[in-house]
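The chain contents come next:
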Amino acid sequence: MKIVNSLKSLKGRHRDNRVIRRRGRIYVINKTQKRFKARQG
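Criteria and thresholds
Residues numbered from 1 in each chain as written. Predicted model: local features only at pLDDT ≥ 70, side-chain atom pairs only at ≥ 80, totals over all residues. Heavy atoms only, no water. Helix = DSSP H or I, 4+ residues; strand = E, 2+ residues; numbered from the N terminus. Buried < 20%, exposed > 50% of the residue type's maximum accessible area, 1.4 Å probe, protein only. Contact = heavy atoms within 4.5 Å. Areas by Shrake-Rupley, 256 points an atom, 1.4 Å probe, with all protein chains shown as cover. Pairing = 2+ DSSP bridges.

Secondary structure assignment for the protein yields one helix and four strands. Along the protein, helices and strands appear, N-terminal first, in the series β-α-β-β-β. Dimensions of the protein, computed from C-alpha atoms along their principal axes, come out at roughly 25 × 15 × 15 Å. Within the protein, the fraction of its 41 residues that count as buried is 24%. Contacts in the protein between residues at least 24 apart in sequence constitute 28% of all its contacts with a sequence separation of at least 6. Surface accessibility of the protein: about 3500 Å² in total, with carbon and sulfur atoms responsible for 45%.

Here is the structure:
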């Protein structure tokens, strides 16, 4: 999982990426390609 300042750039890497807020943190997750994961905060 990448920990990055800007998730907007990572969201565009795959069409199934979703930006989700959990416990005050922002995540990019992808159900089809599990390798696209990132966290902010």
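From this point, the narrative continues.
This brings us to the sheet that holds strand 4 (residues 38–40). The four strands are arranged 1-4-3-2 in an open sheet whose pairing can be described as mixed. Edge positions in the sheet fall to strand 1 (2–3) and strand 2 (18–22), since each has one partner strand and no second. Across two bridges, the pairing between strand 1 and strand 4 is parallel. Residue pairing in the sheet places Ile-3 in a bridge with Arg-39 of strand 4.

So yeah, pure geometry; function would need other evidence.
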